[in-house]
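Coordinate analysis (summary)
Chain residues, written in single-letter form:
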Amino acid sequence: MIIELKSTINIEVAEKLAIESKAFHIIYNEKSYLITGSGVKEVPVNLIDLSENHWVFANDLQLASSKFLTGKREVKIGNVIIGGNTKNTVIIGGPCSVESEEQITTSAKFIQGLGLKVLRGGCYKPRTSPYSFQGMGLDGLKLLAKMREQFGLTVITEARDATHIQEIIEYSDVIQVGAKAMYDQGILRACAKTQKPVLIKRGFGTTLQEFVQAAEFVLAGGNPNVILCERGIRTFETGTRFTLDLCGVAWLKEHTNLPVILDPSHAMGYTYGVADLARACVAMGIDGLLVETHPDPSVAKSDASQQLNHKQFEELISSLRPVATSVGYNII
Ligand code: PEP
Ligand code: MN
């Protein structure tokens, strides 16, 4: 249950009430809320006179639920607003990994040249093999921050474990929590302690409920700035890398108040399908789209088979604009 406390109750008192009720206390839009376990169905007697409003939930989707906030949550990433009433589909483009100053500078110049605003690049890569390229680490983060300065772009990069969070906060505008990292409560709890936007990718073996529960860890811990990303789940099909769950996206749009973005690159795993999938995603009316693009995918140090070259990416963006317009959205 979420209980909105009366505005006359100050923060110290709200925190004391939260401890007494074994509830989370969060402040959202300058209002105090207590979040109890989902089993609580009635406002506790000692809180009846102190509460302004309350919401009862059948499951553990509370702060993320569209029953709590009927409009969509707005999250500011760098200078860009994602979600809310913007009706923008924010393109997040760039290579899988930051590999060198030359590679990321070429990428940043390209993204900015297309009039786009958000550059991605992993520096701590969650690779399946310990012998593969693991990312440039802190040197890569510094390069991303340099791109932000030089090209005025918003930058996003992923945390592989909780020890990376402080560095990422310093150098990046968004913390990406990857499909494998999504299960890591150390990362989720560290993300909850900051106000930095967090983009959570769906674990490829998680149900929608479990995916949103990961977001609840961040929200209930005090960080309201969460974005969900569907990037494909594992099914019996092996012809493509994963299966993009568009039904799941419709479910997230219906049942949650969080901005939802899609990642056709990791779902498909092969360049040839990415553009078609991307158009299908945009046709759903979505808050953002993440697509990997590399100056020369044949030499990419990670995810070489799925990254678009710059010509393919540019053509894709042109083809997305009319699709977005047809469902009342803008590509930015
Ligand atoms: C990535 O975005 O490069 C990545 C590793 O994604 P995921 O966590 O979805 O596999
Ligand atoms: Mn990748």
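Keep in mind it's a predicted model, so treat the numbers as computed, not measured.

Before going further, it helps to examine empty space enclosed by the protein. Using the criterion set out here, one finds one cavity of 30 Å³ or more in the structure. Considering only enclosed or pocket space, the largest cavity measures out at about 70 Å³ in volume. What lines the largest cavity is Ile26, Ile27, Tyr28, Leu63, Phe68, Arg73, Leu219, Gly222, Asn223 and Pro224. For the lining of the largest cavity, the leading source of residues is strand β2 (residues 24–28), giving three residues. Here the residues of the lining of the largest cavity sort into seven nonpolar, two polar and one charged. A domain split of the lining of the largest cavity shows at least three residues from each of domain 1 (2–55) and domain 2 (74–331).

Take the coordination of the manganese ion (ligand 2) next. Summarising the metal site, the manganese ion (ligand 2) is bound by the protein donors Cys96 (SG), His266 (NE2), Glu292 (OE) and Asp303 (OD), whose distances to it range over 2.1 to 2.3 Å. Site description for the manganese ion (ligand 2): donor spacing in sequence, C-x169-H-x25-E-x10-D. Within this pair, whereas His266 is found in helix α8 (residues 264–268), its partner Asp303 is found in the loop between β14 (288–292) and α10 (310–326), the two being separated by 37 residues in sequence. For the pair formed by His266 and Asp303, the shared burial category is buried.

Before going further, it helps to examine the site of ligand 1. Taken together, Cys96, Arg120, Lys125, Glu158, Gln176, Gly178, Ala179, Lys201, Arg231, His266 and Glu292 are the residues near ligand 1. Measuring from an oxygen atom of ligand 1, one finds a side-chain N or O atom of Gln176 at 3.0 Å. Separating an oxygen atom of ligand 1 from a side-chain N or O atom of Glu292 is a distance of 3.2 Å. Contact with the protein chains covers 92% of the free accessible surface of ligand 1, which is 290 Å². With respect to the detected pockets, ligand 1 is housed in the largest pocket. Across the shell around ligand 1, the residue classes break down as two nonpolar, three polar and six charged.

With that settled, consider the packing of aromatic side chains. Counted according to the given criterion, the structure contains six aromatic pairs. These aromatic residues form a ring-pair network of at least three members: Tyr33, Trp55 and Phe68. The ring centre of Phe242 lies 4.3 Å from the NZ or CZ of Arg231, which sits over that ring. Positioned over the ring face of Phe133 is Lys301, at 5.1 Å from the centre of the ring.

Turning our attention to the packing of helix α6 (residues 208–220) against helix α7 (residues 246–255). Orientation of α6 relative to α7, taken along the N-to-C sense of each, is 50 degrees, at an axis distance of 11 Å. Between α6 and α7, the interaxial angle falls into the category oblique. As for how α6 packs across α7, the hand of that crossing is right-handed. On α7, the residues that touch Leu208, Phe211 and Val212 of α6 are Gly248, Trp251 and Leu252. For the contact of α6 with α7, the residue count by class is five nonpolar, one polar and no charged.

Counted under the stated rule, the structure contains 12 salt bridges. With a shortest N-O distance of 2.8 Å, Asp173 and Arg148 are connected by a salt bridge. In this pair, Asp173 is assigned in the loop between α4 (165–171) and β10 (174–177) and Arg148 in helix α3 (residues 138–151), connecting sequence segments 25 residues apart. Residue Asp173 is classed as buried on the basis of its relative accessible area of 12%. Of the charged contacts, one joins Lys201 and Asp263 as a salt bridge, the two residues approaching to 2.7 Å between their closest N and O atoms. You can see Lys201 sitting in strand β11 (residues 198–201) and its partner Asp263 sitting in the loop between β13 (260–262) and α8, a full 62 residues away along the chain. For Lys201, a relative accessible area of 4% gives the class buried. Overall, the relative accessible area of 0% leaves Asp263 in the buried class.

Moving on, we get to the domain arrangement of the protein chain. If you check the domain split of the protein chain, you get domain 1 (2–55) and domain 2 (74–331). The C-alpha centroid of domain 2 is placed 34 Å from the C-alpha centroid of domain 1.

This paragraph deals with the layout of surface pockets. A volume near 440 Å³ is recorded for the largest pocket. Lining of the largest pocket is provided by 22 residues; of these, Pro126, Lys180, Arg231, Arg241 and His266 occupy positions nearest its centre. Partitioned by chemical class, the residues of the lining of the largest pocket number six nonpolar, five polar and 11 charged. In this structure, the second largest pocket occupies an estimated 360 Å³ of space. Lining the second largest pocket are 17 residues, and of these Phe24, Ile35, Glu216, Phe217 and Ala220 lie nearest its centre. Take the lining of the second largest pocket: its biggest share by element is four residues, from α6. Its residues placed into classes, the lining of the second largest pocket shows six nonpolar, six polar and five charged. If you count residues domain by domain, the lining of the second largest pocket takes at least three from each of domain 1 (2–55) and domain 2 (74–331).

Each value, and the rule that gives it
Residues numbered from 1 in each chain as written. Chains lettered and ligands numbered in written order. Predicted model: local features only at pLDDT ≥ 70, side-chain atom pairs only at ≥ 80, totals over all residues. Heavy atoms only, no water. 1 Å grid on protein atoms, 1.4 Å probe; cavity = no way out; pocket = protein on both sides within 12 Å on 5 of 7 lines; lining within 4 Å. Points joined across faces, edges and corners; volume = space filled by probe spheres on them. Helix = DSSP H or I, 4+ residues; strand = E, 2+ residues; numbered from the N terminus. Nonpolar A, V, L, I, M, F, W, Y, C, P; charged D, E, K, R; others polar. Domains from an automatic or database assignment. Donors = N, O, S within 2.8 Å, 3.2 Å for Na, K, Ca; no water. Buried < 20%, exposed > 50% of the residue type's maximum accessible area, 1.4 Å probe, protein only. Near = heavy atom within 4 Å. Polar contact = N/O pair within 3.5 Å; in protein donor to acceptor, adjacent residues only side chain to side chain. Areas by Shrake-Rupley, 256 points an atom, 1.4 Å probe, with all protein chains shown as cover. Sits in = over half its atoms within 2 Å of the grid points. Phe/Tyr/Trp six-rings, centres within 6.5 Å; stacked < 30°, edge-to-face > 60°. Lys NZ or Arg CZ within 6 Å of the ring centre and 35° of its normal. Axes fitted to C-alpha atoms, helices over the stretch in contact; angles between N-to-C directions. Parallel < 35°, antiparallel > 145°, perpendicular 65-115°, else oblique. Left-handed = near helix turned anticlockwise from the far one by under 90°. Contact = heavy atoms within 4.5 Å. Salt bridge = Lys/Arg side-chain N within 4 Å of Asp/Glu carboxyl O.

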